[in-house]
Structure formats: C-alpha cells, structure tokens
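Spelled out from the first residue to the last, the chains are:
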Amino acid sequence: MDHKFFFLSAPFCVICLFSAINARPDYSYPDKPADNGMLSYSFYDKSCPTLNMMVRSGVWAAYKNDARIAASLLRLHFHDCFVNGCDASILLDDTKDFKGEKNASPNRNSVRGFEVIESIKADVEKACPSIVSCVDILVLAAREAVVMSGGPNWPISLGRRDGVTASEKAANEQLPSPFEPLENITAKFVSNGLDVKDVVVLSGGHTIGFAQCFTFKRRLFDFKGTGKPDPTLDSSLLSNLQNFCPNNDGSNNKTSPLDSQSVYRFDNMYYKNIINNSGLLESDQALIGDPKTAAMVKDYSANPFLFSKDFAASMVKLGNIGVLTGQAGQIRKKCASVN
C-alpha cells in the first residue's frame, strides 16, 4: 500500500466521515423486547440516553488516529462472542482464579482495542454509573467501527450483562483458526447457532484489517507440507508476500492487509480477491473451493448491497450468542476486572 497516498487523502476522508456520521439518523425502536427475550432496543433510553453518542464519540476518537482500530474492534467483538457467548469475557485480565482469554493462542499479541473499550466505559460510568455493561459497549463499538469504515448499519438490542470469568482453554478450543479446513470452521459456527452462510458473510469482515505473516506464511513456502507455494495463489501477490514475509521467524509478526485493494474501506473487495485467487488466508481462499460457499462468494463479489444487507443480519445473530440477561452476570465497573 502507498502510505503517502493514504495520509495525503486522509483529511478529505475525515471530513466525509465526520459529515456522514453526524448526518446518519439513529435507529428508533418501540419499547418492546427483541426476539431473544430480555434484550430491548430501548433498554438504556431512560437510564443512559447518551450511550450511543458516547460510544460513537469514543470510537471516532480512536479511529481518526488509527484507522486500523476499526477492524480490531470488530474482531474483538467476534472473539468475545465465539467463546462462551457475548459476555465481555475477552476483556478480563487474568486473576488467581482463572487464566483469561487475552493470552490464548488466537489472541496473544494479536487482539487489540482493549483500551478503546475501557476508555468509553470510563466515560459511560461518569454519566451512567453501574448501568451499562462492557459487553453492550463492545457490541455497539463494533457497529460504529464498521459504519465509520463505510460499512452497513444495523439495529442492536441491548441489555446484555457481563460475565464474571474467562477461559484461556475455551478460547484456544472455540475460536476458528485460519489453518483449519472449512468444515471445522463451519462446525464452530454451527455450535454457536450460526450457519454456513454466516461463515461466508462474517469472513467478509476481512475486507478491513491485517494479518500477521505467520498466519499465512505456509501458503508462501510450504503449502500443505509440499515445500512449495500454494499453486492457487496469484503469482504477483505471491511474489510480493514472499518479499514482505521472508521464510524466517523474524518476519512472523509483521502484518499485511487482509484486503490490499481497499485496506481501510469496508466493501465487497474481499470476495473479488478470492475469485482472483488473492485471498490472503487459507481459510479465506477455501471459500471458493466448496460449491455452496463459492456460489455465495460470487454473489457478494457482484452485489455489494447484498453483502451489506447480509453482513448486517449476521452481525445481529453474532451479537445475540449466549447472552446473559436479567440477574445473570453483573455490570462490571471496569471492563478488565470483575466487581
């Protein structure tokens, strides 16, 4: 990516985004429970009416300094919900009673954005003490991150409560890995009440963000133990990646865009890359190898509006996995520790 071009164009993008964010109407919903029981679109309307504004402001403050934070917040939400439900357990530091999720293999030195959620939580606590859960803030922040990147908006029902424990073991076992075959990844989605369509749609979140070299390096040098590169990988991309991620441990933690065509823009280019054999991760490119998922990849590559609509619907499903409501869990005062 030409970083000079990005920074030169940034002031224009900032003006556009600021206008779009402020011109965007808020969702307004009747005071009735959502489909999942205790959650409601109007849950904080009276107890913390400025919540949406505070979350939006906090995400924007982070985003204008680091556009990459959008993908990080989206991933933080996903990695939270896939491990024993959406309960903000990923935000918890280790204690003498449990080893948490932050240092699990899929998260260690990889998942980021904790300080953004903690900062928003501090602001919310000043305005509405002990009212709003960390997990609701995380769910809202992920939506704002997508919208600020040019992606779709979606309605969010609120009233989730925070978990009081976390599990490194569960994170290691339950989070999908880019090294796993598609059927394994799909099984993990199904175990969370999602389906193969959600696999394809939510993988589209890789239209923004970066991946560390070690997550795709074997495609470049030793694909499936052959000692050779992945023959399906576009030759120009292969050459560029081999230069960027040389075959030594020193390059493992370098990061490359998941979608080099539109690094910070939420669009459907991810699917076009897959069709062009330019998906970065094995798990991305694998979507074209199965007839059912390949058909969806082609649909989303041709129709950005269909992708936006379906991504919004899948994000609603994601945000409702295994939620705690009523008297379960607690409203944590700080997101990194239980009360």
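Calculation rules
- Residues numbered from 1 in each chain as written.
- Predicted model: local features only at pLDDT ≥ 70, side-chain atom pairs only at ≥ 80, totals over all residues.
- Heavy atoms only, no water.
- Helix = DSSP H or I, 4+ residues; strand = E, 2+ residues; numbered from the N terminus.
- Buried < 20%, exposed > 50% of the residue type's maximum accessible area, 1.4 Å probe, protein only.
- Areas by Shrake-Rupley, 256 points an atom, 1.4 Å probe, with all protein chains shown as cover.
- UniProt positions renumbered as here; feature names shortened; annotations may be inferred.
- Contact = heavy atoms within 4.5 Å.
- Disulfide = S-S within 2.5 Å.
- Core = buried A, V, L, I, M, F, W, Y, C linked by side-chain atoms within 4.5 Å.
- Phe/Tyr/Trp six-rings, centres within 6.5 Å; stacked < 30°, edge-to-face > 60°.
- Lys NZ or Arg CZ within 6 Å of the ring centre and 35° of its normal.
- Salt bridge = Lys/Arg side-chain N within 4 Å of Asp/Glu carboxyl O.

Draft legend 1. Representation of the overall build of the chain. Of regular secondary structure, the chain possesses 14 helices and 2 strands. Taking all 339 residues of the chain together, the buried fraction comes to 52%. Carbon and sulfur atoms make up 55% of the accessible area of the chain, which totals about 15600 Å².

Draft legend 2. View of the UniProt feature "binding site: heme b" (unreviewed entry) in the chain. Using the residue numbers shown here, the UniProt feature "binding site: heme b" (unreviewed entry) corresponds to H206. Relative to the helices and strands, H206 resides in the loop between α8 (196-203) and β1 (210-212). Setting aside its immediate chain neighbours within four residues, H206 contacts L258, D259, Y270, L281 and D284.

Draft legend 3. Structural detail: the state of the cysteines. In this structure the tally under the stated criterion is 4 disulfides. Paired by a disulfide, C134 and C335 hold their sulfur atoms 2.2 Å apart. Taking the sign of the S-S torsion, about -100 degrees here, the bridge from C134 to C335 comes out left-handed. You can see C134 sitting in helix α5 (residues 134-148) and its partner C335 sitting in the segment after α14 (304-319), a full 201 residues away along the chain. For C134, a relative accessible area of 0% translates into the label buried. Among the residues examined, C335 registers a relative accessible area of 1% and is labelled buried. What links to what in the chain: the bonded cysteines, counted in sequence order, pair as 1-4, 2-3, 5-8, 6-7.

Draft legend 4. Local environment of the nonpolar core. Membership of the largest hydrophobic core comes to 77 residues, with the highest contact counts inside it found for L51, I117 and F311. With 10 residues, α5 is the single largest residue contributor to this core. Aside from chain neighbours lying at most four places away, what touches I117 is L73, L76, L91, C134, I137, L138, A141 and C335. In this structure, F216, F221, L237 and L258 belong to the second largest nonpolar core, which totals 13 residues.

Draft legend 5. Summary view of the packing of aromatic side chains. A complete count under the given rule lists 14 aromatic pairs for this structure. With 6.1 Å between their ring centres and 75 degrees between their planes, W154 and F311 make a pair best called edge-to-face. Here F311 lies in helix α14 and W154 lies in the loop between α5 and α6 (168-174), a separation of 157 residues in the sequence. The residues W154 and F311 share a single accessibility class, namely buried. An aromatic cluster is present here, built from W154, F266, Y270, Y271, Y300, F307 and F311 joined pairwise through their rings. Across from the ring centre of F114, 4.5 Å away, lies the NZ or CZ of K102, which sits over that ring. Between the NZ or CZ atom of K254 and the centre of the ring of F244, over which it lies, the distance is 4.2 Å.

Draft legend 6. Representation of unusual backbone geometry in the model. Residue N84 is not a glycine yet carries a positive backbone phi of 60 degrees. Checked against the element boundaries, N84 lands in the loop between α3 (69-81) and α4 (114-127).

Draft legend 7. Molecular detail of the pattern of salt bridges. One pass over the full model with this rule turns up 17 salt bridges. Across the pair E144 and R56 runs a salt bridge, and its minimum N-O distance is 3.3 Å. Placement of the pair is E144 in helix α5 and R56 in helix α2 (residues 51-65), with a sequence separation of 88 residues. R56 matches E144 in its accessibility class, with the two residues each being buried. The salt bridge involving D198 is made with K317; its shortest N-O contact spans 2.7 Å. Note that D198 is positioned in helix α8 and K317 in helix α14, a separation of 119 residues in sequence. Overall, the relative accessible area of 3% leaves D198 in the buried class. Three or more residues joined by partner-sharing salt bridges are found here, namely R56, R143 and E144.

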